[in-house]
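A structural walkthrough
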Amino acid sequence: MRKFAVVFSLFLLSLSCSATEEGLKPGETFRDCDLCPEMVVLPTGKGWVGLNPKAQRKRGLPWRQVEFDKPLAVGKFEVLMEEYYACVNDGACEKPTIGYGDGLKKNPAHDISWFDAKAYVAWLAEKTGRPYRLLSRNEWEYAARAGTDTLYWWGDEFQPGYDICQGCKPTDKPTIVVGGEGNKRFSAYAGPGIYLSPRPHTPDGPPANPFGLYYMLGNVGEWVEDCLDLVTSEKFSNSAASEPEPNGRGCKYRYYKGGHYSSSSQQIIASGGRGLSGTFKGDRQEAVGTRVGLNF
C-alpha cells in the first residue's frame, strides 16, 4: 500500500509539472529542484543549422533549415559545478579532476567526458522523473543561433563582451595570464585589446542570446548526443533529433559544440565544435562541459 501511495504521488507530481509547463511561453523559465538546472522554454519553428556560407572555413555540414516542432526547454546556463556535484555526491557521477569549492559552485562544470555528461542527464532524469537528455547537434545549433542566420547570434562581425573566449573581452593594456594546475600550468601574453581567460566564468556579465540562453558560443564546450562518424562525414540530418549511431562500427568520436575560454573569436561561431575521441570513460576534456535539454 505504501509503495502504491509513493508511485501515485509521483504520478500526480508529473501531471502537475506537465500541466504547468503547457502554459509556459517561449522565454519563460522553470526549475525541477533546488540543484536542477534552470530551464528556458524555446519557441518552435524553423532554424538554420550547418556551416554558414559567410564562415572563413570551407569544410562543414551543409547550410540548411530544420523544423523544430516539438516543445523543447534548454538549460539557461551550462550545467554548473554545484549542479554536477549533486550527482557526484549521490554516487552517480564521477568527480572531475579539477577542484571544486564554494567559490566555484556557480562556475560551469568542466573537465568532464561525454560519458560523464550522459551519466549526469541519466541521474537528473531519474531524480526528477522527467526525460532530461543531451541536446542533439541540430538542437544545439538552433538554440545557439536563436532565430538568426548570422555567424554569431549578435551579427556577422565579432564583437567583444558577448561571451568568454580569447579576445571576447576588450582590454586597454597588455595581458599576462598564469593558470592551471600541475602539468597543466601555463602562461600566456597578449597585446592590448586581447583578453586571455584562464578558466570558465560564472553566469553573469555577458548578455543572453535572443532565446534567453547564456554562454552558448564560448565559456566551455558542450557535449551533445550525436556521434561524429568520420566514415560518413558527408551525411547530414534534417531532423531535430540526434543522428543514429553508425551501424556495426560503434562510435569512436563524440561531438562537443561551441568554443570555450581558450578558443579564438573565429572558433566560437554557431557552427563551431569538435569531434573528440570518446571510446573510454576517462577521456575528459579540460574545457568541455555540457548543457541539458528536455521535451515536455
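Residues numbered from 1 in each chain as written. Predicted model: local features only at pLDDT ≥ 70, side-chain atom pairs only at ≥ 80, totals over all residues. Heavy atoms only, no water.

Side note on the overall build of the chain
The following threshold applies: Numbering of helices and strands runs from the N terminus; a helix is a DSSP stretch of H or I covering at least four residues, while a strand is a stretch of E covering at least two. The classification of residues rests on relative accessible area computed with a 1.4 Å probe and restricted to protein chains. Under 20% of the type maximum is buried, over 50% is exposed, and intermediate values are partly exposed. Contact definition: two residues touch when any of their heavy atoms are within 4.5 Å. For the area figures, the Shrake-Rupley method with a 1.4 Å probe applies, and any residue is considered shielded solely by the protein chains shown.
Looking only at helices and strands, the chain features four helices and 13 strands. Out of the 296 residues belonging to the chain, those deemed buried represent 49%. The contacts in the chain between residues at least 6 apart in sequence include a share of 70% that link residues at least 24 apart. When the accessible surface of the chain is summed, it comes to about 14700 Å², and 53% of that surface belongs to carbon and sulfur atoms.

Examining the side chain of His-260
Looking at the element boundaries, His-260 is found in the loop between β10 (253-257) and β11 (273-277). Contact partners of His-260, with chain neighbours within four places excluded, come to Ile-164, Cys-165, Gly-218, Asn-219, Val-220, Gly-221 and Ala-287.

Concerning the sheet that holds strand β5 (residues 72-75)
Rules: A pair of strands is considered paired only if DSSP assigns at least 2 bridges between the two.
Taking strand neighbours across the sheet as the criterion, the five strands line up as β1-β2-β5-β13-β6 in an open arrangement whose pairing is antiparallel. The sheet is open, and its two borders are formed by β1 (29-30) and β6 (133-134), each paired with just one other strand. As judged from the four bridges shared by strand β2 (residues 39-42) and β5, these two strands associate in the antiparallel manner. In the strand pairing of β5, Val-41 is matched with Ala-73.

Digging into helix α4 (residues 137-145)
A large share of α4 lies buried, amounting to nine of its nine residues. Within α4, the full set of buried residues consists of Arg-137, Asn-138, Glu-139, Trp-140, Glu-141, Tyr-142, Ala-143, Ala-144 and Arg-145. Ala-146 occupies a position one or two residues after α4 and carries a positive phi of about 55°.

Overview of the pairing of β5
As paired strands, β5 and strand β13 (residues 292-295) are joined by three bridges and run antiparallel to one another. Bridge pairing in β13 links Leu-72 to Asn-295.

Comments concerning empty space enclosed by the protein
What counts is decided by this rule: Here a cavity means grid points, on a 1 Å grid over the protein atoms only, where a 1.4 Å probe fits yet cannot get out; a pocket means an open set of points with protein on both sides within 12 Å along at least five of seven lines; lining residues are those with an atom within 4 Å of a point. Grid points are joined across faces, edges and corners, and a volume is the space filled by probe spheres set on the points.
Scanning all chains against the criterion turns up two cavities of 30 Å³ or more. In this structure, the second largest cavity occupies an estimated 30 Å³ of space. What lines the second largest cavity is Leu-42, Pro-43, Thr-44, Phe-68, Lys-70, Pro-71, Leu-72 and Tyr-142.

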